[in-house]
Amino acid sequence: MTTLNDALEPLAYSINEASRVSSLGRTRLYQLIGEGRLEARKIGKRTLIPAASLRALIAG
């Protein structure tokens, strides 16, 4: 069953949003993407990081 919090939680973050919510800098996020430790999707000109990938990285 989906709760209200699940419905409001983003599916993906822009680089700036991911930086804000994770307290990691933009450069570090791009490093992690380059190392394959963080997933990223390119949609048009935007780079989006799936929320699940960011959570998995933070969880270790």
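Our structure's up above, just so we're on the same page.
All chains use their own residue numbering, which begins from 1 and follows the written sequence. This being a predicted model, a pLDDT of at least 70 is required before a residue's local features are given, and a value of 80 or more before pairs of side-chain atoms are given or counted; all residues contribute to the totals for chains, interfaces and linings. Note: side-chain values were computed over all heavy atoms of the structure, leaving out hydrogens and water.

> Sorry if this is basic, but what is going on with the overall build of the chain here?
The way it works is that DSSP assigns letters per residue, a run of H or I at least four long becomes a helix, a run of E at least two long becomes a strand, and they are numbered from the N terminus. For the chain, the count of helices and strands is four helices and three strands. In sequence order, the chain lays out its α and β elements as α-β-α-α-β-β-α. Projected onto the principal axes, the alpha-carbon positions of the chain cover approximately 35 × 30 × 20 Å. Expressed as a percentage of the 60 residues in the chain, the buried residues total 28%. Any two residues having at least one pair of non-hydrogen atoms within 4.5 Å are treated as being in contact. Of the contacts formed within the chain by residues at least 6 apart in sequence, a portion of 45% connects residues at least 24 apart. Charge assignment in this entry is limited to Lys and Arg as positive and Asp and Glu as negative, and neither His nor the chain termini are counted. By convention, the charge on Lys lies at NZ, on Arg at CZ, on Asp at CG and on Glu at CD. Charged side chains in the chain number 9 positive and 5 negative. The centres of these two groups are separated by 9 Å. A 1.4 Å probe rolled over the protein chains alone gives each residue an accessible area, and that area as a share of the maximum for its type sets the label: buried under 20%, exposed over 50%, partly exposed in between.

> Would you take a moment to explain the nonpolar core for this structure?
A general trend in soluble globular proteins is that nonpolar side chains are found buried together. Residues enter a nonpolar core if they are buried and are Ala, Val, Leu, Ile, Met, Phe, Trp, Tyr or Cys, with the set joined through side-chain atoms within 4.5 Å. Formed by Tyr-13, Ile-15, Ala-18, Leu-29, Leu-32, Leu-38, Ile-49, Ala-51, Leu-54 and Leu-57, the largest nonpolar core amounts to 10 residues. Put simply, the parts of the chain that give this core at least two residues each are α2 (15-22), α3 (26-35) and α4 (51-59). With three residues, α4 is the single largest residue contributor to this core.

> What am I meant to see in the environment of Ser-53 here?
Looking at where Ser-53 falls in the secondary structure, it is placed in helix α4. Through-space distance from the C-alpha of Ser-53 to that of Glu-39 is 5.9 Å; in sequence the pair is 14 residues apart. In this structure, Ser-53 is in contact with Leu-38 and Glu-39, ignoring residues within four places of it in sequence. N or O atoms closer than or at 3.5 Å make up a polar contact, with two conditions inside protein: a donor-capable atom paired with an acceptor-capable one, and, for residues adjacent in sequence, both atoms drawn from side chains. For Ser-53, the side chain forms a polar contact with the main-chain nitrogen of Glu-39, separated by 2.9 Å.

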